[in-house]
Amino acid sequence: MLKNLPTQPRLVIFGSPNILIQRPEETIWRTIFNSVGEQDVYDNLRRSFQRGQLTPSQWAYQSSRHLTNVGTTKDIYESAISFNGLKDYAQEVIDEIRGWGGIPAILSGGFNDLGLKVARLTGIEQIISQATPIFDDYGKFERVVTLNCDYNGKVDFAKAITHSMGFGLEECVLVAEGEGDVALGTSMPSIAFGAHRIVERACDAAVGDMSDLLYIVQGTSIGTEENLLERKVPHTVLIGN
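Residues numbered from 1 in each chain as written. Predicted model: local features only at pLDDT ≥ 70, side-chain atom pairs only at ≥ 80, totals over all residues. Heavy atoms only, no water.

**Re the pattern of salt bridges**
Taken as a whole and judged by the stated rule, the model has five salt bridges. Lys 154 is paired through a salt bridge with Asp 181; the nearest N and O atoms lie 2.5 Å apart. Taken together, the residues Lys 154 in helix α7 (residues 152-164) and Asp 181 in the loop between β5 (173-176) and α8 (182-185) connect sequence positions 27 residues apart. Of the two residues, Lys 154 and Asp 181, neither departs from the other in class, the shared state being buried. (Salt bridge = Lys/Arg side-chain N within 4 Å of Asp/Glu carboxyl O. Helix = DSSP H or I, 4+ residues; strand = E, 2+ residues; numbered from the N terminus. Buried < 20%, exposed > 50% of the residue type's maximum accessible area, 1.4 Å probe, protein only.)

Structural data, given as structure tokens:
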């Protein structure tokens, strides 16, 4: 592993199942709002979130309430969480982690059903996701049940997972993707994966694609875009995902 990253970490946490799969870069929330013709509402809610006027839980509640009011269906949701298989080298990355006795896990601020699909496909056994939708008997969207496992809340969940297994955060590695991973990225050894600069600066290293990540988990120091030895982002929550 690279400097500042533990060799053969006990647990490798993927901050989103999107890291491992081929699907559009936009969030599932945005995809659903687009599907029901409510892009403007999504943008307004997002702006309120970015300004700190809504907490992550409030944002999810108001978003789900609006999707309920416009008659969103389970078919629309299932279409939004669909994807075109794993990225190249994704299974090799998971297998390599298992090969040294490590545990791959998903700790996501997104929808649980997507994480479960990816877990079934890759064989990942440890998964926690923030949002689970509830549908009525007619397949209509009712609400979203949420856990506070994004932004600062993701740190608490990571500590709970690692401590329950007898590990410390310093023995594990986060593969970070979005701004919801920044707080956790500054709290443990971490690698930014194809991420925005603000996420890269929170992490110890940054890679551009799955083949680069495979090099790292194989214990090789090549293939990284940048080794960020000094973190430049304080331990604060960043609103904007």
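**Some points on the packing of helix α1 (residues 28-35) against helix α2 (residues 39-50)**
One way to put it is that α1 packs onto α2 with a least axis distance of 7 Å and a crossing angle of 145°. Counted together, Trp 29, Arg 30, Phe 33 and Asn 34 of α1 and Gln 39, Val 41, Tyr 42, Asp 43, Leu 45 and Arg 46 of α2 form the full contact between these two elements. When the residues that make up the contact of α1 with α2 are grouped by side-chain class, the tally is five nonpolar, two polar and three charged. (Axes fitted to C-alpha atoms, helices over the stretch in contact; angles between N-to-C directions. Contact = heavy atoms within 4.5 Å. Nonpolar A, V, L, I, M, F, W, Y, C, P; charged D, E, K, R; others polar.)

**Things to note about the pairing of strand β4 (residues 141-146)**
On any regular strand, side chains alternate: one points to one face of the sheet, the next to the other face. Bridging between strand β3 (residues 126-135) and β4 involves five bridges; their strand directions are antiparallel. Counted as the bridge partner of Thr 132 is Val 145 from β4. Two successive antiparallel strands, β3 and β4, enclose a turn made up of five residues, where Gly 139 displays a positive phi of approximately 80°. (Pairing = 2+ DSSP bridges.)

**Brief notes about the packing of aromatic side chains**
For the structure shown, the criterion picks out nine aromatic pairs. Consider the rings of Trp 29 and Phe 111, whose centres lie 4.9 Å apart with planes at 50°: the pair is tilted. With Trp 29 in helix α1 and Phe 111 in strand β2 (residues 103-111), this pair connects stretches of sequence that are 82 residues apart. With respect to burial, Trp 29 and Phe 111 carry one shared label: buried. Through successive ring pairs, a cluster of aromatic residues spans Trp 29, Phe 33, Tyr 42, Phe 49, Trp 59, Tyr 77, Phe 111, Phe 135, Phe 141 and Tyr 151. (Phe/Tyr/Trp six-rings, centres within 6.5 Å; stacked < 30°, edge-to-face > 60°.)

**Examining the confidence of the model for the chain**
Across the chain, pLDDT averages 88, with 89% of residues at or above 70. Here residues 220-241 scores under 50 on pLDDT; set against residues more than four positions off or in separate chains, the count is 73 contacts. (pLDDT = per-residue confidence, 0-100.)

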